[in-house]
Amino acid sequence: MEFRFSAVSASTRRKIQESLFTELAKYLDLFPASKDARIFLKPNLNSNMNALTGNTTDLRVIASVIEFLKAQGYHKISMGEGTNSGFYRNQISVIERLKINELGKYYGVDVLDLNYAETFDIPFENGILAQAAKPVIETDFLINLPKLKMHFEVGITACLKNLMGTLVGQPNKKKTHDSLCKNILNINRVIKPDLHILDAVIAMEGTGPTRGTPIPLNTLLIGTDPYLLDLACAKLAQFEPSQVRLLAEAIHQGLITQKHFEFLGEHPFLAFSKPMQQPKVNPLVGFIHSPKRQKFFLKIRNTAFFNTVCNTDFAQEILFHTGLRQDKFLKDDLKIDKLTLNEKCLPGCVICREYCPVSLELPQAFKTGLEGCIHCMYCYSVCPVEAIDFHGVKGFFEEQEKQYASRIRQNANQG
Ligand code: SF4
Ligand code: SF4
């Protein structure tokens, strides 16, 4: 089998679009001949943290892929995700919070919450059946759009792990945990995207998937073999693949072979690699989440009593501060009345323009009312001198800002 694999450099909105248009043209033979074909995009929208934190797929990448598909004449494009269990359980729409619905409206693309989709069965370990979302198989062409992050349970989350978001609702996502790595591979045996476009523009290192640190790798990986791309991610991060739990299991099962290693050997994409921090956790989290003990703790965690206790504000704070839970499920939404430009704006600076997913001519577009703005907050987050004033209620975004604002600004200025 011949591998199809590309790695391209991409940092700004314009560069991401140019790189994707050039590179995806080399994969056109894989796309459906009919322009009426249904194309489904599966980004990583694991939590309500925006892409600049390193947590979710960059809206600039999604927008550029949609623009490429439209330029080819495809018009039946949809996208969707089944966000993580906690947000689902708390009835928080991550799709709305990340402005995916606004991006969909902007481009005329349907957006689905896969947590509420019709289902089909996927066989898991120990005779268990898990239900996944039908739209990802009832399509003519499936594009996986994962984010590169460290993950304290499986090592790295990239193409393979991203398909966990196709499982419908909390009850099905919970079924993976019995044998997490094996069940992720089981999902990938059934759901086979036609193409993978991995966002490592701003990856997450350290205690991922949601408490790590954003690190700009300015890279996109494209290919057809998710095992090859995930192995490439380990090499990008300069990790020993056998030390990454999910990859170790794939190697053990013969899904990653010597051919994968040989192909990547001295591949030029290694020029993009950067040593990344391992997903280390504190001893308590490590003890509870060890594959040996997890089944035992999950039995307790999944009882109705424990569920109720864990959902109280007090317990949520304790779980967050001990690291046992990575997310805060804050109920208040972000409400933006408007964003305005103040006198601090630096002459000649266009950093905000490089981040605008819908390519507004910033900062000039502030003068004409930001027509088309999807309220993603990227421009506000990256401005080095706080020249963009926010008017409205920050809600959940305030916590994100507290944790990540300075790092996001620092990364944007380095870029
Ligand atoms: S990033 Fe800030 S300073 Fe730079 S152009 Fe935009 S608003 Fe002005
Ligand atoms: S103007 Fe700012 S908030 Fe609006 S879409 Fe562009 S980057 Fe996002």
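Scroll up a little and you will see the structure.
Being a predicted model, the structure only gives us computed values, none of them experimental.

### Here we look at the overall build of the protein chain
1) Next: Along the protein chain, the regular secondary structure elements total 18 helices and 13 strands.
2) Next: Out of the 415 residues in the protein chain, the part that is buried amounts to 44%.
3) Next: Considering only contacts within the protein chain whose residues lie at least 6 apart along the sequence, 75% involve residues at least 24 apart.

### Re the pairing of strand 11 (residues 213-223)
1) Next: With nine of eleven residues buried, strand 11 is to be regarded as a mostly interior element.
2) Next: When strand 1 (residues 5-9) meets strand 11, the two strands line up antiparallel, connected through five bridges. When the bridges of strand 11 are listed, A7 appears paired with L221.

### Concerning the site of ligand 1
1) Next: In the vicinity of ligand 1, 13 residues are found, and the nearest of them are C345, C349, C352, C383 and A387.
2) Next: Partitioning the shell around ligand 1 into residue classes produces 13 nonpolar, no polar and no charged.

### A look at helix 9 (residues 226-236)
1) Next: Summarising burial for helix 9: ten of the eleven residues are buried, a large majority.
2) Next: Listed in full, the buried residues belonging to helix 9 are P226, Y227, L228, L229, D230, L231, A232, C233, A234 and L236.

### Comments concerning the environment of H267
1) Next: If you trace the backbone, H267 turns up in the loop between helix 11 (258-264) and helix 12 (283-288).
2) Next: By the C-beta count within 10 Å, which is 14 here, H267 ends up partly exposed.
3) Next: Taking the C-alpha atoms as reference points, H267 and A232, separated by 35 residues in sequence, lie 9.6 Å from one another.

### Focus: the nonpolar core
1) Next: Counting residues in hydrophobic clusters, the biggest one holds 107 residues, and the most contacted among them are V65, L220, C379 and V382.
2) Next: Element by element, the count of residues in this core is highest for helix 9, at eight residues.
3) Next: Taken together, domain 1 (5-281) and domain 3 (335-414) each give at least three residues to this core, which thus spans both.
4) Next: If sequence neighbours within four positions are ignored, V65 has contacts with L20, L41, I143, L145 and I197.

### Description of the packing of helix 8 (residues 180-190) against helix 10 (residues 245-252)
1) Next: Taken N-terminus to C-terminus, the directions of helix 8 and helix 10 make an angle of 65 degrees; their axes are 9 Å apart at the nearest point. Judged by the sense of rotation from one axis to the other, the crossing of helix 8 with helix 10 is right-handed. Residues C181, K182, I184 and L185 of helix 8 touch helix 10, and the partners they reach there are R245, L246, E249 and A250.
2) Next: Broken down by class, the residue content of the contact of helix 8 with helix 10 amounts to five nonpolar, no polar and three charged.

### A look at the environment of Q403
1) Next: Tracing the sequence through the fold places Q403 in helix 18 (residues 397-414).
2) Next: On the basis of neighbour count, Q403 is assigned to the partly exposed category, with 16 C-beta atoms found within 10 Å.
3) Next: Between the alpha carbons of Q403 and T53 there is a distance of 9.1 Å; along the sequence they are 350 residues apart.

### Things to note about helix 2 (residues 59-71)
1) Next: Under the 1.5 Å per step criterion, the end-to-end length of helix 2 is 18 Å for 13 residues, consistent within 8% with the ideal 18 Å.
2) Next: Where helix 2 ends, the next residue or the one after it, G73, has phi of about 100 degrees, a positive value.

### Here we look at unusual backbone geometry
Residues other than glycine predominantly adopt negative phi, and peptide bonds predominantly adopt the trans conformation.
1) Next: Cis peptide bonds are those with omega within 30 degrees of zero, and the linkage from L362 to P363 qualifies with 0 degrees.
2) Next: Inspection of the secondary structure puts P363 in the loop between helix 16 (351-355) and helix 17 (378-382).
3) Next: Within the chain, Q238 stands out as a residue other than glycine whose phi angle is a positive 60 degrees.
4) Next: One can find Q238 in the loop between helix 9 and helix 10.
5) Next: Non-glycine residue L370 carries a positive phi angle of around 55 degrees.
6) Next: In this structure, L370 sits in the loop between helix 16 and helix 17.

### A few points about the pairing of strand 3 (residues 76-81)
1) Next: Bridging between strand 2 (residues 38-43) and strand 3 involves four bridges; their strand directions are parallel. Across the sheet, I39 pairs through a bridge with I77, a residue of strand 3.
2) Next: In this fold, the crossover linking strand 2 to strand 3 by way of helix 2 has right-handed handedness.
3) Next: Judged from the four bridges that link them, strand 3 and strand 4 (residues 110-113) form a sheet pairing that is parallel. Bridging across to strand 4, E81 finds its partner in D113.

What counts as what
- Residues numbered from 1 in each chain as written.
- Chains lettered and ligands numbered in written order.
- Predicted model: local features only at pLDDT ≥ 70, side-chain atom pairs only at ≥ 80, totals over all residues.
- Helix = DSSP H or I, 4+ residues; strand = E, 2+ residues; numbered from the N terminus.
- Buried ≥ 20, exposed ≤ 12 C-beta atoms within 10 Å, placed from the backbone.
- Contact = placed C-beta atoms within 7 Å.
- Pairing = 2+ DSSP bridges.
- Near = placed C-beta within 6 Å.
- Nonpolar A, V, L, I, M, F, W, Y, C, P; charged D, E, K, R; others polar.
- Core = buried A, V, L, I, M, F, W, Y, C linked by C-beta atoms within 7 Å.
- Domains from an automatic or database assignment.
- Axes fitted to C-alpha atoms, helices over the stretch in contact; angles between N-to-C directions.
- Left-handed = near helix turned anticlockwise from the far one by under 90°.
- Expected span 1.5 Å × (residues − 1).
- Right-handed = clockwise from strand over helix to strand, strands pointing away.

No statement about biological role is implied by the geometric values presented.
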